[in-house]
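# Coordinate analysis (summary)
Here's the letter readout for the chains.
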Amino acid sequence: MDYKNLLLDVNQNIGLITINRPDKLNALNHETVVELKDVLEKLESDENIFVVIITGSGEKAFVAGADISEINKLNMLEGKKFAEFGQSVFSIIEKFEKPVIAAVNGFALGGGCELALSCHIRLASENAKFGQPEVNLGIIPGYGGTQRLTRLINSGRAAEMILTADMIDANEAFRIGLVNKVYPQSELQSSAFDMAVKIASKGQQAIRLALKAIKANDEVSLQEGQNLEATLFALCCGTEDFKEGTKAFLEKRKPVFVNK
Ligand code: COA
């Protein structure tokens, strides 16, 4: 598929997806969400991709939400399909077997905040602003925001953001655990890339199994999660990277992982 609204750059096992509609502050129209689904499926099946970064084009917006010129035409049935489709694509990100980092370079509103929420790690520039302003439009978040925001921060803070539609800045997002780190705008992309390279330098079997165990936390009890962790730990013990990683430590040298 040719992408009209996305850019894809691949460098050193890192796939960089840039939402590219800067004149509309990278708002997600249907076509963009279809393209996002396609590029995610491509990157997931590409054995040379170890980590994915998602960002927005320009210095003003990550993604300023779903495209309001499209959603204002929705009837009830179309509204349900609209929300379910977006949710299904963001669930691909959440369940992605390789780490996905959001590099939030400006406004992350509505679907943009929800896109960041579906990623595994969120980094932000100092000018980033987060918000779920849907009630200003007479709707509620529809791409998972009511669920993921509540789980990531807490229900009181999530309720405040969703019910007041107020935006929070990057420092406040950091303070409440919505983002991991805040960088000057000029350093965001390189910092996200450096983090991706660091993750890509580890044994990828361990990275993917660790991610699987971490994500299970959203859905299972502590005991079920620990059972899964023990099983995935055991799987790691069967890998070549486990033998190499432990041997290299004992031999006081850097491991050479083969991702098997
Ligand atoms: N959908 C469609 N178009 C959008 C958009 C969205 N979510 N967000 C921004 N745009 C468009 C604007 O309509 C404008 O297009 P135009 O130049 O053709 O008129 C362009 O992007 C620039 O936006 P503008 O509003 O002029 O920039 P600003 O700096 O004054 O304000 C925001 C920035 C982010 C505060 C403002 O654009 C905004 O509130 N956007 C909507 C956020 C939202 O409600 N998102 C949830 C949607 S469910």
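Residues numbered from 1 in each chain as written. Predicted model: local features only at pLDDT ≥ 70, side-chain atom pairs only at ≥ 80, totals over all residues. Heavy atoms only, no water.

## Looking at the site of the ligand
Applicable threshold: One heavy atom within 4 Å of a molecule or strand makes the whole residue count as near it. Polar contact is the term for a pair of N or O atoms within 3.5 Å; when the atoms are in protein, one must be able to donate a hydrogen and the other to accept it, and sequence-neighboring residues count only if both atoms are side-chain atoms. Accessible areas in this description were obtained via Shrake-Rupley with a 1.4 Å probe; residue shielding takes into account the shown protein chains only. Per the convention used, a helix needs a DSSP run of H or I reaching at least four residues, while a strand needs a run of E reaching at least two, with both numbered from the N terminus.
Around the ligand lies a shell of 15 residues, among which Lys24, Lys60, Ala64, Ala66 and Ile68 are the nearest. Contact distances for the ligand include 3.5 Å between an oxygen atom and a backbone N or O atom of Asp23. At 2.9 Å, a backbone N or O of Ala66 approaches a nitrogen atom of the ligand. Within the complex, 59% of the 860 Å² of free accessible area of the ligand lies under protein. Broken down by secondary-structure element, the contributors of at least two residues to the shell around the ligand are helix H2 (68–71) and strand S6 (107–109).

## Digging into the pairing of strand S7 (residues 121–125)
Our working definition: Here the term buried applies to any residue with accessible area under 20% of the maximum for its type, exposed to any over 50%, and partly exposed to those in between, with areas from a 1.4 Å probe on protein chains only. Here, any two strands with at least 2 DSSP bridges between them count as paired.
Among the 5 residues that make up S7, 5 are buried, leaving the element largely enclosed by the rest of the structure. The pairing of strand S5 (residues 100–104) with S7 spans 4 bridges and is classified as parallel. From the neighbouring strand, Ile101 faces S7, where its bridge partner is Ile121. As defined by bridge partners, S7 adjoins strand S10 (residues 181–183) across 3 bridges and the pair is classed as parallel. Bridge pairing in S10 places Ala124 opposite Val182.

## Considerations on helix H8 (residues 185–200)
Quick reminder: α-helices carry 3.6 residues per turn. Residues three or four places apart thus point the same way. Put simply, the rule is: Multiplying one less than the number of residues by 1.5 Å gives the expected span of a helix. Working rule for contacts: check all heavy atoms of both residues, and any pair within 4.5 Å makes them a contact.
The terminal C-alpha atoms of H8, which comprises 16 residues, lie 24 Å apart, in line with the 22 Å expected from a rise of 1.5 Å per residue. Among the structural elements, strand S2 (14–19), strand S3 (51–56), S5, S7, S10 and helix H9 (204–216) are those in contact with the buried residues of H8.

## Let's talk about the pattern of salt bridges
Defined as follows: Within this document, salt bridges are pairs made up of a side-chain nitrogen of Lys or Arg and a carboxyl oxygen of Asp or Glu, the two lying within 4 Å of each other.
Taken as a whole, this structure holds 14 salt bridges when the rule is applied. Note that Lys37 is salt-bridged to Glu41, the shortest N-O span being 3.1 Å. In this pair, Lys37 and Glu41 are both assigned in helix H1 (residues 30–45), 4 residues apart and thus about one turn of the helix distant. When its relative accessible area of 28% is taken as the criterion, Lys37 is described as partly exposed. On the accessibility criterion, Glu41 (39% relative accessible area) is partly exposed. Between Lys247 and Glu251 there is a salt bridge, and its shortest N-O distance comes to 3.4 Å. On the basis of relative accessible area, Lys247 is assigned to the partly exposed category, the value being 45%. Given a relative accessible area of 43%, Glu251 falls into the partly exposed group. Each of Glu94, Arg148, Lys215 and Asp218 takes part in salt bridges that share partners, so that together they form one network.

## Some words on the packing of aromatic side chains
How we decide: Any two rings among Phe, Tyr and Trp, with Trp reduced to its six-membered ring, count as a pair given centres within 6.5 Å; such a pair is stacked if its planes are under 30 degrees apart, edge-to-face if over 60, and tilted if neither.
As enumerated under the stated definition, the model contains 2 aromatic pairs in all. Ring centres of Phe90 and Tyr143 lie 5.2 Å apart, and the angle between their planes is 75°; this geometry places the pair in the edge-to-face category. One end of the pair, Phe90, is in helix H3 (residues 76–94); the other, Tyr143, is in the loop between strand S8 (129–131) and helix H5 (145–152), and 53 residues separate them in sequence. With respect to burial, Phe90 and Tyr143 carry one shared label: buried. One aromatic cluster is present, formed by Phe82, Phe90 and Tyr143 through successive ring pairs.

## A word on the nonpolar core
A general tendency of soluble globular proteins is for nonpolar side chains to be buried together. Selection criterion: Here, the term nonpolar core denotes a set of buried Ala, Val, Leu, Ile, Met, Phe, Trp, Tyr and Cys residues that are joined through side-chain atoms within 4.5 Å.
One finds Ile17, Leu36, Ile54, Phe62, Val104, Phe130 and Leu178 to be the most contacted residues of the largest nonpolar core, which totals 43 residues. In terms of residue count, the dominant contributor to this core is H1 (5 residues). Each residue touching Phe130, except ones within four places of it in the same chain, is listed here: Val104, Ala108, Leu109, Cys113, Ala124, Met161, Asp166, Met167, Ile168, Ala173, Leu178 and Val179. Membership of the second largest hydrophobic core comes to 16 residues, among which are Ile14, Leu188, Ala192 and Ile207.

## Quick notes on the sheet that holds strand S9 (residues 168–169)
Heads up, the rule is: Interaxial angle, 0 to 180 degrees, is taken between N-to-C directions of lines fitted to C-alpha atoms, where a helix line uses only the stretch in contact.
Taking strand neighbours across the sheet as the criterion, the 4 strands line up as S4-S6-S8-S9 in an open arrangement whose pairing is mixed. With one partner strand each, in any of the chains shown, strand S4 (61–63) and S9 form the two edges of the open sheet. When S8 meets S9, the two strands line up antiparallel, connected through 2 bridges. Across the sheet, Lys129 pairs through a bridge with Asp169, a residue of S9. In this fold helix H4 (residues 111–118) packs onto S4, S6 and S8, with an angle of close to 75° to the strand it touches most, S4.

## Focus on the domain arrangement of the protein
Which entries qualify depends on this criterion: Domain segmentation is taken from an automatic or database assignment of domains. The term buried area denotes the loss of accessible surface (1.4 Å probe radius) that occurs when two parts are joined, taken as the sum for both partners. Gly falls in the polar group here, along with every residue not listed as nonpolar (Ala, Val, Leu, Ile, Met, Phe, Trp, Tyr, Cys, Pro) or charged (Asp, Glu, Lys, Arg).
You can read the domains of the protein as domain 1 (6–200) and domain 2 (204–250). Contact residues are listed per partner, giving 12 residues for domain 1 and 7 residues for domain 2. Surface buried jointly by domain 1 and domain 2 totals about 780 Å² across both partners, of which 55% is contributed by carbon and sulfur atoms. Note that Glu94 is salt-bridged to Lys215, the shortest N-O span being 3.8 Å. Our count for the domain 1 to domain 2 interface comes out at 2 residue pairs in polar contact (both at pLDDT 80 or more). Looking at the side of domain 1 that touches domain 2 residue by residue, the class counts come to 6 nonpolar, 1 polar and 5 charged.

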